[in-house]
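Chain residues, written in single-letter form:
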Amino acid sequence: MVTVRGPCPGSAALLLLLLLGARCRPGAAMTREERHQLRNQVVEMFDHAFQSYMEHAYPADELMPLTCRGRVRGLEPSRGDVDDALGKFSLTLIDTLDTLALLNKPLEFEEAVQKVLRDVRLDNDIVVSVFETNIRVLGGLLGGHAMAVMLKEGGQHMGWYGDELLGMARDLGLRLLPAFNTSSGLPYPRVNLRHGVRGPETRTGTETDTCTACAGTIILEFAALSRYTGEPVFEDHARRALDFLWEKRQRNSNLVGTTINIHSGEWVRRDSGVGAGIDSYYEYLLKAYILLGDERFLERFNIHYASIMKYISQPPLLLDVHIHKPLLTARTWMDSLLAFFPGLQVLKGDIRPAIETHEMLYQVTKKHNFLPEAFTTDFRVHWAQHPLRPEFAESTYFLYKATGDPYYLEVGRSVLDNLNRYARVPCGFAAMKDVRTGSHEDRMDSFFLAEMFKYLFLLFADPEDLPFDVEDYIFTTEAHLLPLSLSTTNRSPTRAVNTTSGEAAVSDLDDSNFDWSCPNTQLLFPDPAFPRSIREPIRTSVDKSCPRPAPRGDGGSPGRPPLRARDFMASNPEHLELLRRMGVSLIHLKDGRVQLVQHATQAQSAVDAEDGLRFMQEMIELSSQQQKEQLPPRAVQIVSHPFFGRVVLTAGPAQFGLDLSKSSMGVRGSVLIAEPYSGCTELSNAALVAGRVALLQRGSCMFAEKARNLQRAGAIGGIVIDDKEGSSSDTAPLFQMAGDGRSTDDITIPLLFLFHKEGTIVLEALREYQEVEVLLSDRARDRGGESECVEEEEGDCAAQESVSPPVATPTAHPAAGAEEPDVVLSRAGPGQEGGVLDTGEAELGAESDAEAGGDSSGQSMDPLLADWKEDLEAFQQMEKDEL
């Protein structure tokens with residue numbers, strides 16, 4: 001029996017749900033057996049990721065799961081600030097220590113500790129991020145020490161342990177201390193592990209700015225180190241940095257900015273939110289009170305929290321504002337790091353807004369499979385990457401702990417399913433390069449092992465599955481475990497309270513400003529339906545999770561998804577029939593364009609009329625985007641053994657040939673290297689290329705000429721591989737292949753572009769397995785032989801796609817190589833035909849192969865600047881406000 005939450009369809013549509021196998025059943029209580037199965041699945045996934053790191057990457061800092069090797073700083077192309085987390089200290093192993101203990105793997109934990117003690121050095125001549133090194137490495141060593149002590153006290157494991165990890169943590173703490181040598185007490189953002197921050201040999205110490213979270217996310221690890229060692233110097237420095245940030249808050253709004261000058265204390269970026277740049281500052285104020293028992297941290301947190309809920313919280317959204325003008329929104333998009341905030345609200349005891357924001361985030365993940373790095377207020381993709389961040393899983397776990405609602409177990413199940421279906425590759429789990437296409441990035445950050453599997457395991461595990469009582473510990477922002485008993489261990493002297501800073505003395509604290517203890521969630525939720533009543537409006541506002549009701553009395557198919565503007569083809573008879581049902585007329589104009597006019601009264605049902613209105617709105621948006629945006633990226637997916645679709649590479653499109661976005665199945669075939677490799681003359685191995693996807697090298701002739709030579713040889717598609725060694729989609733902008741200045745209507749096969757690094761993955765696979773099959777498409781399809789219930793953008797559960805997409809013979813729409821005619825839109829009001837919108841032509845920045853000259857960038861500057869326009873305008877507005 002399937003129980004459906006919310007306004008779901010009647011029995012006919014419910015039967016269809018059962019036939020399609022869709023999971024629209026969040027109201028059903030999960031059985032103990034199901035939870036245990038998911039718990040075991042979490043462990044299996046962790047084993048796959050951890051063993052892949054140990055086998056293919058250790059002792060490197062991180063695993064590169066697509067190329068199955070370790071990421072060593074200096075040997076790979078620089079990724080900028082992201083690489084500051086890497087210090088040649090086996091980052092992933094240290095970050096994973098207490099995960100091994102939590103997942104009840106004491107033997108593996110003991111072996112990992114021995115490897116750290118034997119192999120890891122901390123005196124490397126390398127510049128690292130103070131923030132990342134603190135939360136990942138120092139936190140990992142301290143969490144590992146806490147677990148080693150716990151296991152040793154249990155008497156069965158780690159009997160030999162003599163605080164060696166703590167000694168390493170102290171050594172690292174001393175190496176980080178020089179960064180705090182500033183007049184403000186705020187740390188430099190980077191430090192040289194061997195030379196500190198002073199002197200030319202350090203190659204750092206010239207920075208002037210740091211983020212608020214970077215300076216304010218130190219106290220837990222440094223205080224724990226002080227309490228463990230009895231040396232107050234670490235805790236003192238962390239407290240001093242927090243005190244300075246508190247002093248520099250904007251006194252009217254009680255908000256802090258995103259970036260601050262470490263010397264003058266002036267705010268460099270005056271936008272304020274709960275996401276990137278600030279997030280863990282708020283988290284550590286509350287958790288510092290929980291761990292250390294200092295009420296000043298709680299008071300500061302609550303003052304900040306009141307301002308967050310007054311200005312930043314616009315349920316269910318959390319939007320950045322200007323600290324001096326908090327009623328002025330600083331931007332119209334949100335970043336994925338704010339997904340931690342519902343979990344923090346649970347610790348605060350403010351459950352209702354936590355449920356609201358979490359539900360909004362869940363609906364966004366259902367639209368895109370993962371949380372994009374940034375998304376707009378209408379829940380569209382702003383930044384398409386997803387580096388397998390754990391914050392959403394973290395908040396899911398805390399909300400389940402607070403409410404006991406089995407709905408959150410289903411949310412956790414969806415997280416597991418998406419990771420396995422879209423991110424799992426033969427050598428671990430790969431970050432998503434673009435959630436829209438499903439393409440991968442060759443990275444698996446250490447936080448994936450440190451955090452994601454902890455929270456998912458705890459979500460599904462029973463108390464008896466754990467080797468210790470997790471309630472005796474607090475999670476750091478990297479999910480490392482610090483024992484609450486530290487609050488009474490080697491406590492450093494209490495410093496005087498600065499009452500001039502806006503804080504009252506402890507004896508004068510206003511109890512009405514905050515609660516001194518966490519609320520009893522059993523009293524908060526006497527009615528188990530209460531959380532559901534909060535979620536329902538959020539779900540409706542973002543998306544519908546259940547199938548849409550069938551139109552009544554019109555012969556339509558139950559649950560049939562509406563026609564989307566992006567799929568529309570004027571030459572498709574089925575699409576024309578759907579337009580007629582929606583009350584949309586198509587008129588062919590003399591100049592070759594077509595005009596769309598909607599008469600809502602002519603639609604066959606109210607649902608069809610609503611679909612028609614949505615279609616017209618989407619067509620207007622699509623037409624506008626086509627005028628100002630470049631072609632989206634495409635995907636090359638390796639679908640043969642042993643990859644089974646789990647490796648997806650970001651590919652650049654061509655401005656000619658088959659439009660893969662109009663092909664429901666893409667083009668699938670075995671790959672073969674063209675001879676000659678340049679593809680600039682008639683192919684000598686044409687008989688072998690026929691019916692296959694040919695691999696070519698960039699250079700020597702125009703892209704269109706390569707495509708024509710492939711087409712004459714009978715190839716069904718082509719992949720051009722960059723000849724510039726080391727080029728990668730990780731570091732270069734999207735590349736588009738332009739035509740040759742004349743008509744390319746004769747080209748009917750798809751041609752995609754891979755940078756050298758991604759192309760090498762295909763070539764290596766071909767070299768090792770001889771027979772390699774790929775799918776060329778606009779996005780990744782089914783992976784690993786699993787079918788899926790595809791949810792359309794409006795949230796409808798569509799019919800299952802086939803497990804293996806069949807080979808598609810490329811054809812052009814509507815004629816060979818011809819584009820669809822331009823579309824003119826109008827929506828008729830009462831008694832009129834309405835206005836006309838001419839979509840015009842899209843001006844695209846692209847390169848022809850002959851003109852490229854080895855330059856790996858094929859974008860014009862305008863599209864690149866478009867992403868930054870909102871941020872630039874917001875920053876300029878903040879400057880005006882300050883003046």
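Residues numbered from 1 in each chain as written. Predicted model: local features only at pLDDT ≥ 70, side-chain atom pairs only at ≥ 80, totals over all residues. Heavy atoms only, no water.

A. Structural context of the sheet that holds strand β12 (residues 333-335). Ordered in space as β12-β13-β14, the 3 strands form an open sheet in which the pairing is antiparallel. Two strands bound the open sheet, and with one partner strand each, they are β12 and β14 (381-383). For this sheet the average axis-to-axis angle between neighbouring strands, irrespective of direction, equals 30°. Two strands pair when backbone bridges link them, and β12 and strand β13 (residues 374-376) are joined in this way by 3 bridges, in the antiparallel orientation. Bridge pairing in β13 links Met 334 to Phe 375. (Pairing = 2+ DSSP bridges. Helix = DSSP H or I, 4+ residues; strand = E, 2+ residues; numbered from the N terminus. Axes fitted to C-alpha atoms, helices over the stretch in contact; angles between N-to-C directions.)

B. Focus on the environment of Thr 204. For Thr 204, the location among the structural elements is in the loop between β4 (190-192) and β5 (209-211). Taking the C-alpha atoms as reference points, Thr 204 and Val 128, 76 residues apart in sequence, are found 9.5 Å from one another. Setting aside anything within four residues of it in sequence, one finds Thr 204 in contact with Val 127, Arg 190, Val 191, Asn 192, Gly 196 and Val 197. Within polar-contact distance, the side chain of Thr 204 engages the side chain of Glu 207 at 2.8 Å. (Contact = heavy atoms within 4.5 Å. Polar contact = N/O pair within 3.5 Å; in protein donor to acceptor, adjacent residues only side chain to side chain.)

C. Up close: the packing of aromatic side chains. In this structure the tally under the stated criterion is 29 aromatic pairs. Relative to Phe 735, the ring of Phe 703 has its centre 5.9 Å away and its plane inclined at 70°; by these criteria the two rings are edge-to-face. Placement of Phe 703 in helix α22 (residues 703-712) and of Phe 735 in the loop between β27 (717-721) and β28 (751-754) is noted, with a sequence separation of 32 residues between them. Between Phe 753 and Phe 755, the ring centres sit 5.3 Å apart and the planes meet at 85°, which makes this aromatic pair edge-to-face. Note on Phe 753: relative accessible area 1%, which makes it buried. Site record: aromatic cluster; members linked through ring pairs are Phe 46, Phe 50, Phe 429, Phe 448 and Phe 453. Stacked on the ring of Trp 246, the Lys or Arg Arg 249 has its end atom at 3.9 Å from the ring centre. Over the ring of Trp 333 we find Arg 331, and its NZ or CZ is 3.8 Å from the ring centre. (Phe/Tyr/Trp six-rings, centres within 6.5 Å; stacked < 30°, edge-to-face > 60°. Buried < 20%, exposed > 50% of the residue type's maximum accessible area, 1.4 Å probe, protein only. Lys NZ or Arg CZ within 6 Å of the ring centre and 35° of its normal.)

D. Looking closely at the pattern of salt bridges. Applying the stated criterion to the full structure yields 52 salt bridges. Put simply, Lys 105 and Asp 47 hold a salt bridge, and the shortest N to O gap is 3.0 Å. Within this pair, whereas Lys 105 is found in the loop between α3 (91-102) and α4 (106-119), its partner Asp 47 is found in helix α2 (residues 32-56), the two being separated by 58 residues in sequence. Asp 98 serves as the salt-bridge partner of Lys 454, at 2.8 Å between the closest nitrogen and oxygen. Highlighted residues: Lys 454 in helix α16 (residues 446-460) and Asp 98 in helix α3, separated in sequence by 356 residues. Among the residues examined, Lys 454 registers a relative accessible area of 0% and is labelled buried. Here the salt bridges do not stand alone but share partners, grouping Glu 62, Arg 79, Asp 83, Glu 132 and Arg 136 into one network. (Salt bridge = Lys/Arg side-chain N within 4 Å of Asp/Glu carboxyl O.)

E. Highlighting the sheet that holds strand β24 (residues 647-651). Strand order in this open sheet of 7 strands is β24-β23-β29-β25-β26-β27-β28, and the pairing throughout is mixed. Both edges of this open sheet fall to β24 and β28, since each of them pairs with a single strand only. Each neighbouring strand pair of the sheet contributes to a mean axis angle of 35°, computed without reference to strand direction. Of the strand pairs in this sheet, strand β23 (residues 634-638) and strand β29 (residues 773-777) are connected by 4 bridges, and their pairing is antiparallel. Looking at the pairing, Ala 635 lines up with Ser 777 of β29.

F. Main features of the packing of α3 against α4. Interhelical geometry of α3 versus α4 gives an angle of 155° and a closest axis separation of 9 Å. In terms of orientation, α3 and α4 fall into the roughly antiparallel class. Relative to α4, the crossing made by α3 is left-handed. Taking contact as the criterion, the partners of Leu 93, Ile 94, Leu 97, Leu 100 and Ala 101 in α3 are, on α4, Glu 108, Phe 109, Ala 112, Val 113, Lys 115 and Val 116. (Parallel < 35°, antiparallel > 145°, perpendicular 65-115°, else oblique. Left-handed = near helix turned anticlockwise from the far one by under 90°.)

G. Highlighting the state of the cysteines. If you walk through the whole model with that rule in mind, you get 3 disulfides. Bridging Cys 211 to Cys 214, the disulfide has an S-S length of 2.1 Å. Torsion about the S-S bond of the Cys 211 and Cys 214 cystine: about 90°, corresponding to right-handed handedness. Residue Cys 680 pairs covalently with Cys 701 via a disulfide, S to S 2.1 Å. The sign of the S-S torsion, about -85°, decides the handedness of the disulfide formed by Cys 680 and Cys 701: left-handed. Taken together, the residues span a long stretch of sequence, with Cys 680 in the loop between β25 (667-673) and α21 (686-689) and Cys 701 in the loop between β26 (693-697) and α22 at a distance of 21 residues. (Disulfide = S-S within 2.5 Å.)

H. Just the pairing of β23, in detail. Of all the 5 residues making up β23, 5 are buried; the element is thus mostly covered by neighbouring parts of the structure. Residues Arg 634, Val 636 and Ile 638 line one face of β23 and the alternating positions Ala 635 and Gln 637 line the opposite face, and both faces are buried. As judged from the 5 bridges shared by β23 and β24, these two strands associate in the antiparallel manner. Paired with Val 636 across the strands is Leu 649, a residue of β24.

I. Highlighting the nonpolar core. If you look at the biggest cluster of nonpolar residues, it comprises 170 residues, and the most contacted ones within it are Phe 109, Ile 219, Leu 419 and Phe 429. By residue number, the principal contributor to this core is helix α5 (residues 130-154), which donates 12 residues. With 28 residues, the next largest nonpolar core counts Phe 643, Leu 660, Leu 754 and Ala 765 among its residues. (Core = buried A, V, L, I, M, F, W, Y, C linked by side-chain atoms within 4.5 Å.)

J. Fine view of the side chain of His 304. Along the polypeptide, His 304 turns up in helix α11 (residues 295-312). Here Asn 254 takes part through its backbone oxygen, which lies 2.9 Å from a polar atom of the side chain of His 304. If we skip the residues at most four places from it in the chain, His 304 touches Trp 246, Arg 249, Asn 254, Val 256, Tyr 281, Tyr 282 and Leu 285.

K. Broad picture of the pairing of β25. For β25, a buried count of 5 out of 7 residues is recorded, marking the element as mostly surrounded by other parts of the structure. In this structure, β25 lies alongside β29, joined through 4 bridges in antiparallel fashion. Across the sheet, Gly 669 pairs through a bridge with Val 774, a residue of β29. Strand direction decides the pairing type here: β25 and β26, joined by 3 bridges, are parallel. Its bridge partner being in β26, Ile 673 is matched across the sheet by Leu 695.

L. Seen up close, the environment of Gln 655. Assignment of secondary structure puts Gln 655 in the loop between β24 and β25. A relative accessible area of 28% places Gln 655 in the partly exposed class. Spatially, the C-alpha atom of Gln 655 lies 9.8 Å from that of Pro 750, the residues being 95 residues apart in sequence.

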